[in-house]
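Secondary and tertiary structure notes
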Amino acid sequence: MKKSSILILIIICLCSCGKSSKKVSITGEIKGLGTDTLYLYGMDESFDRIDTIFAKNDKFSYTASIDTITSAFLLIDNQTEYPIFLDKGNQIKIKGDINHPEYLDINGNIYNEEFTNFQKELNSLPTPSEKDLEQKAEEFIMKHHSSFVSLYLLDKYFVQKDSPDFNKIKKLIEVMTGILQDKLYIEQLNEAISLSEKTETGKYAPFFSLSNIKGEKITRSSEDFKKKNLLINFWASWGDSISNHQSNTELKEIYQKYKKNKHIAMLGISLDMDKQEWQDAIKRDTLNWEQVCDFGGLNSEVAKQYAIKQVPSNILLSADGKILAKNLKGEQLKKKIEEVVTAAEEKEKQDNKKKK
């Protein structure tokens, strides 16, 4: 009887140990936090929920079940996203100050400690430029091939930019090893890089066939675009109003100057999802050049083909369909268009002389 009781007790203890090993606990104190609420949510596919953490007297605690190493964000003061790395069996401890939520001291596993040290190094720099920060991030990634921190730094300093340098991103991905290469995020990045390479300057632009406001199918070889350089503007009524206004102002100026020119044409490709909102925006903003849309948003086939991640964006095509430039703005865009139009006019003059 005693042996049976001891055996049962051992089994219960083993089961309890097995369950507790899958738990991760977080305890922390952020001075000045008071009774604020923190939010914890995943930055990858292994943690797809949002958890609420309530603080009291600057302190807080949290426990959850974790199956594998997970990258997550801690939202502090409803504005600062701070990365935190969780794994089963971890006891994570956080210290900080609400006045400097971008610099927390987090330990409990190697990844949190690596990122804490990285942030301390950044904090020691007097006035780091964007280039300085990118250099520090690149140095870390090159030395930490299998760190989840490398994945976070890759996204923060290289991917989340208006015009990501996919060649740089590709090189940084190539040095990553182990579990990082199996992450869905890396798979998606590699797909984006592949698409980006197809739309590099000098490559032929992907084919498209989209309906205009009259329901007519418009392609690169439509009558109005034949043998012309073509400025394609990707936009959406739901885009940032300031960026939209600035872009539309530039485009309307260009349209007024070149609308009768036989060497350049313009096309607006909308990533709207609602037909009425699209039509209303065209009328409201007086976008008088050709407009098309397939109502697929950023997931539309044409957005994927041209590797469009944000709006407004633009691509300038040559008369034979090659990509001449991407995402030029302001004077750079005007100068480039003037350059290609002048070159086309000069070529026409030379061709006419030869005919004579």
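Since this is a predicted model, take the numbers as computed values, not measurements.

Cut-off values and rules
- Residues numbered from 1 in each chain as written.
- Predicted model: local features only at pLDDT ≥ 70, side-chain atom pairs only at ≥ 80, totals over all residues.
- Heavy atoms only, no water.
- Buried < 20%, exposed > 50% of the residue type's maximum accessible area, 1.4 Å probe, protein only.
- Helix = DSSP H or I, 4+ residues; strand = E, 2+ residues; numbered from the N terminus.
- Pairing = 2+ DSSP bridges.
- Axes fitted to C-alpha atoms, helices over the stretch in contact; angles between N-to-C directions.
- Contact = heavy atoms within 4.5 Å.
- Salt bridge = Lys/Arg side-chain N within 4 Å of Asp/Glu carboxyl O.
- Phe/Tyr/Trp six-rings, centres within 6.5 Å; stacked < 30°, edge-to-face > 60°.
- Domains from an automatic or database assignment.
- Buried area = accessible area lost by both parts, 1.4 Å probe.
- Polar contact = N/O pair within 3.5 Å; in protein donor to acceptor, adjacent residues only side chain to side chain.
- Nonpolar A, V, L, I, M, F, W, Y, C, P; charged D, E, K, R; others polar.
- Expected span 1.5 Å × (residues − 1).

**Topic: the pairing of strand β6 (residues 80-86)**
In terms of burial, β6 is a largely internal element, six of the seven residues being buried. Counting the residues between successive antiparallel strands, the hairpin from strand β5 (residues 70-76) to β6 contains three residues, one of them, Asp77, with a positive phi of roughly 60 degrees.

**A short note on the sheet that holds strand β3 (residues 50-54)**
The antiparallel open sheet is built from four strands, whose spatial order is β3-β2-β5-β6. Lying at the two open borders of the sheet, with one neighbouring strand each, are β3 and β6. For this sheet, the mean angle separating the axes of adjacent strands, direction not counted, is 30 degrees. This element, helix α4 (residues 148-159), spans β5 and β6 of the sheet and lies at about 155 degrees to β6.

**Quick look at the pattern of salt bridges**
Two side chains bearing opposite charge may form a pair once their charged atoms approach each other closely. Tallied over the entire structure, the rule returns 13 salt bridges. Glu223 serves as the salt-bridge partner of Lys226, at 3.7 Å between the closest nitrogen and oxygen. Residue Arg284 is joined to Asp285 by a salt bridge in which the shortest nitrogen-to-oxygen separation is 3.4 Å. Where salt bridges share partners, they join Glu130, Glu134 and Lys161 into one cluster.

**Considering the packing of aromatic side chains**
Applying the stated criterion to the full structure yields twelve aromatic pairs. With a centroid separation of 5.4 Å and an interplanar angle of 90 degrees, the aromatic rings of Phe115 and Tyr152 are classed as edge-to-face. Taken together, the positions of Phe115 in helix α2 (residues 110-123) and Tyr152 in helix α4 put the pair 37 residues apart, joining distant regions of the chain. Under the relative-accessibility criterion, Phe115 is labelled buried at 4%. Here Tyr152 falls in the buried class, since its relative accessible area comes to 9%. Measuring from ring centre to ring centre gives 5.4 Å for Trp278 and Phe295, while their planes differ by 80 degrees; the resulting arrangement is edge-to-face. Residue Trp278 is located in helix α8 (residues 275-284), and its partner Phe295 is located in the loop between β13 (290-293) and α9 (301-305); the two are separated by 17 residues in the primary sequence. Following the ring pairs from residue to residue traces out a cluster consisting of Tyr41, Phe73, Tyr82, Phe115, Phe118, Phe140 and Tyr152.

**Some details on the domain arrangement of the protein chain**
Looking at the protein chain, the domain boundaries give domain 1 (21-121), domain 2 (124-196) and domain 3 (201-353). The C-alpha-based centres of domain 2 and domain 3 are spaced at 31 Å. Counting from both sides, the interface comprises five residues of domain 2 and, opposite them, five residues of domain 3. Buried surface at the junction of domain 2 and domain 3, both sides included, amounts to about 430 Å², of which 47% is carbon and sulfur. It is Asp162, Leu195 and Ser196 that lose the most area in domain 2 upon contact with domain 3, and together they represent 72% of the buried surface on that side. For the interface between domain 2 and domain 3, the tally reads zero salt bridges. Here domain 2 and domain 3 share zero residue pairs in polar contact (both at pLDDT 80 or more) between them. Of the residues in the side of domain 2 that touches domain 3, the class split is two nonpolar, two polar and one charged.

**Considerations on the side chain of Asn109**
When you line up the elements, Asn109 lands in the loop between β8 (105-107) and α2. When its relative accessible area of 11% is taken as the criterion, Asn109 is described as buried. Here Asn112 takes part through its backbone nitrogen, which lies 3.0 Å from a polar atom of the side chain of Asn109. What Asn109 contacts, discounting residues up to four positions off in sequence, is Phe85, Leu86, Asp87, Asn90 and Ile92.

**Digging into α2**
With 14 residues, α2 should reach 20 Å at 1.5 Å per residue; the first-to-last C-alpha distance of 20 Å fits that figure. Along α2, the residues classified as buried are Tyr111, Asn112, Glu114, Phe115, Thr116, Phe118, Gln119 and Leu122. Of the surrounding secondary structure, the elements contacted by the buried residues of α2 are β6, β7 (91-97), β8, α3 (130-143) and α4. Where α2 begins, one side-chain oxygen reaches toward the backbone nitrogen of Tyr111, 3.0 Å away; that side chain belongs to Asn109.

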